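# Fold and contact review
Below, each chain spelled out in residue letters.
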Amino acid sequence: MLTTAELSRYIDAGAAKQAADLVIENGTLVNVNTAEYYPANIAIYKSKIVAVDPDVTAYVDEHTRHIDASGQYLVPGLIDGHIHVECSKLSMTRFAEAVVPHGTTSIVSGLDEYISVIGLTDLTEIFTEITASALKVFWGLPYKTPYTIPKSTIAYNVTPADHERYQQAENCYGVWETVREAVQTKDPATLAALITAQRYHQPIFGCAPMATGRALNQFLMSGVRVDHESYSHQEFLEKARKGVHVVIRESSVTKFLSENIKALTENAPGMARHTSFCTDDVTARDILAHGHLDHMVRLAINAGVAPMTAIQMATINSAEAYQIDDQVGSIAPGKAADILLVDQPGSFNIETVISKGQVITKQQKVVSDFIPPKRSPQLQGQLKLTPLAAADFAYQVDQAQGHAEVATIKSIGPFVRKQRNVTLTIKNHVVQPDPAQDVAKISVIERYGINGNHARGFISGWSLQAGAIATSASPDDNNLVVAGVNTADMALAANTLIKVGGGQVVVKDGQILALLELPIAGIVTDLTPPALAAKEVELKHAAEQLGSHLPDPLFYLSFLPITAIPDLAITDGGNVDYTKLQYFDPILSQTK
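Residues numbered from 1 in each chain as written. Predicted model: local features only at pLDDT ≥ 70, side-chain atom pairs only at ≥ 80, totals over all residues. Heavy atoms only, no water.

Spatially, the 3 strands line up as an open sheet ordered β28-β29-β30, and their pairing is antiparallel. A single partner strand is all that each edge strand has here, and the edge strands are β28 (568-571) and β30 (582-583). Here β28 runs beside strand β29 (residues 574-577); their pairing, made up of 4 bridges, is antiparallel. When the bridges of β29 are listed, Leu568 appears paired with Asp577. (Pairing = 2+ DSSP bridges. Helix = DSSP H or I, 4+ residues; strand = E, 2+ residues; numbered from the N terminus.)

What follows is the structure, given as structure tokens:
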């Protein structure tokens, strides 16, 4: 929060009574407020824009630095409207290092994966890291944690009392990711959080995949303002027609831009001004290969969206949707000095990035340092588990021999899972996996030392023929998830992550093929983006040696405990049928 003295200096800077630190001259302004292109010069004092005029010489003294933007377009910093930073496995500093050079200067996030592991009190350390970084984070407190229905085990549960405290806080910008089912069931804690937000005039962010008709009407009665989950352009259009600020998601594994954009290009072009972008979950490898929000701008343009419209979707639209347009989203006096110099709006190649008034990249070369802070013991990864044995991963039944009809969780895609029934062999009271039928075992183990839960089940759609894979980074609760067809390898995978304090691992025939350590809360790392990307490739190739053909097996594995993904999931509490919001027994029947 500014002091009165600081505000006074900014007012003087706007009147040219205080010299600018930096001026950008001879560029063409992309004015997203008025949808105009015209020549302009920009003066910056500290972290704010103080002038956008044809002539800014009055703002210059001998100490002012100059950037010549001749032949370039001046674009506001890009805003990712919904992202789980932790799913990138990059720390906040390293995530900024990955995305800011691609023009993303602001994100909206719940930091919910951190909360599930370290709670709200220790989140102060993350906010301190954010303040020192080149990336702005507009934080929304999750409507509650955990998100899972039925409730899984995490280290900290967000309560209505937390909303009463934090919705008044300077750094809180609303309620994060309110899922439709919590509204549908009229969950008392959720309703209390929403009422608190409305009392403080805070926006409510929603999550309502496949919601249409009466289900959507019911959801919108909660006061939800924004939604980032549409599986079809018809669903996307209906939400827009009903007043929702709709967000197109293009993550590393769920790519909806080409489908959702049809709502603009084929149906209602006027909705574009209320449409924005998000990436939700991205990998370091994907960012380095394609970019971030800049990639989405280019995709939209290639799909037929006018460059100005696409840039608005990545900037001012998002700022208005989340009610942060007083700070970011456009190039204007009083706004944050987040400015991109691009070659042409149509090609949208970013050449220089200024964030928080500091030059981060110049002519596509990083000129600013990204140095992670020293980590406190509270943030060090720790899985509060004793070593596990192969027998711990066996699915035991009363019958000694015979066959069992089993309901497997079949992955159709990263965000679609359906029931597939398969007959498996029972041997010595243990239901056996069957690689020939594409059936593997799955376990989710509570990692916080709270109740010792260990849920077991079966998955299909993975083509696993050998070994095991495991991850401790697994939203929404970040418990330990282990999958495989060999229980000894499953135990080795789990024990490896217990030993190193969290991470991701691939094991085959008693050997570790690939290991990524995630020492920060057991979910992220301070590895540089290129180093992490290399590890991601190593894990993928190792999983392929087990027979998996999925685009990103470790990402798919990490998503298995997310109950909001239709239709099935598994948490430490058990196998979940989300269509019924209850647990189910994967053993349907047993025969001799």
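On we go.
As a further point, take the pattern of salt bridges. Counting across every chain of the model gives 20 salt bridges. In this structure, Asp187 engages Lys144 in a salt bridge whose closest nitrogen and oxygen atoms are separated by 3.2 Å. A residue pair is termed long-range when its members are at least 10 positions apart, and Asp187 in the loop between α6 (180-184) and α7 (188-199) and Lys144 in the loop between β8 (136-142) and α5 (160-166) qualify at 43 residues. Classification of Asp187 as buried rests on a relative accessible area of 18%. The residue Asp552 makes a salt bridge to Arg285 at a minimum N-O spacing of 3.6 Å. On the criterion of sequence distance, the pair formed by Asp552 in the loop between α17 (529-545) and α18 (553-559) and Arg285 in helix α12 (residues 284-290) is long-range, its members being 267 residues apart. (Salt bridge = Lys/Arg side-chain N within 4 Å of Asp/Glu carboxyl O. Buried < 20%, exposed > 50% of the residue type's maximum accessible area, 1.4 Å probe, protein only.)

Our next topic: the UniProt feature "domain: Amidohydrolase-related" (unreviewed entry) in the protein chain. The feature "domain: Amidohydrolase-related" (unreviewed entry), as annotated in UniProt, sits at residues 73-359 in this numbering. Between the C-alpha atoms that bound residues 73-359 there is a distance of 16 Å. The span itself is 37% helix and 19% strand. (UniProt positions renumbered as here; feature names shortened; annotations may be inferred.)

Applying the stated criterion across every chain yields a total of 5 cavities of 30 Å³ or more. The space that makes up the largest cavity amounts to roughly 230 Å³. Considering the residues around the largest cavity, the lining is formed by 23 residues, among which Glu177, Cys207, Glu229, Asp476 and Ile562 are closest to the centre. Class assignment for the residues of the lining of the largest cavity results in 14 nonpolar, 2 polar and 7 charged. (1 Å grid on protein atoms, 1.4 Å probe; cavity = no way out; pocket = protein on both sides within 12 Å on 5 of 7 lines; lining within 4 Å. Points joined across faces, edges and corners; volume = space filled by probe spheres on them. Nonpolar A, V, L, I, M, F, W, Y, C, P; charged D, E, K, R; others polar.)

Strand pairs in the sheet, formed through backbone hydrogen bonds, run parallel or antiparallel to each other. As summarised here, the arrangement of the 8 strands in space is β6-β7-β8-β9-β10-β11-β12-β13, forming an open sheet in which the pairing is parallel. Sheet topology places β6 (78-80) and β13 (275-278) at the edges, where each strand pairs with a single neighbour. With 4 bridges connecting them, strand β7 (residues 104-109) and β8 associate as parallel partners. Considered in β8, the bridge of Val108 is made with Phe138. Helix-sheet contacts for α7 involve β9 (172-179) and β10 (204-207), and the interaxial angle to β9 is about 150°. (Contact = heavy atoms within 4.5 Å. Axes fitted to C-alpha atoms, helices over the stretch in contact; angles between N-to-C directions.)

There is about 1,000 Å³ of room inside the largest pocket. Looking at the largest pocket, it is lined by 25 residues, and the ones nearest its centre are Met1, Lys136, Glu170, Tyr173 and Gln327. For the lining of the largest pocket, the secondary-structure elements that each account for two or more residues are α1 (4-14), α4 (123-132) and β8. Examining the composition of the lining of the largest pocket, we find that 4 residues originate from one element, β8, more than from any other. Here the residues of the lining of the largest pocket sort into 12 nonpolar, 5 polar and 8 charged.

This part is about the packing of aromatic side chains. In the structure shown here, the tally under the stated rule is 11 aromatic pairs. Ring centres of Phe138 and Tyr173 lie 4.9 Å apart, and the angle between their planes is 85°; this geometry places the pair in the edge-to-face category. Taken together, the residues Phe138 in strand β8 and Tyr173 in strand β9 connect sequence positions 35 residues apart. The class for Phe138 is buried, based on a relative accessible area of 3%. An aromatic cluster is built from Phe127, Trp139 and Tyr166, whose rings are joined through pairwise contacts. (Phe/Tyr/Trp six-rings, centres within 6.5 Å; stacked < 30°, edge-to-face > 60°.)

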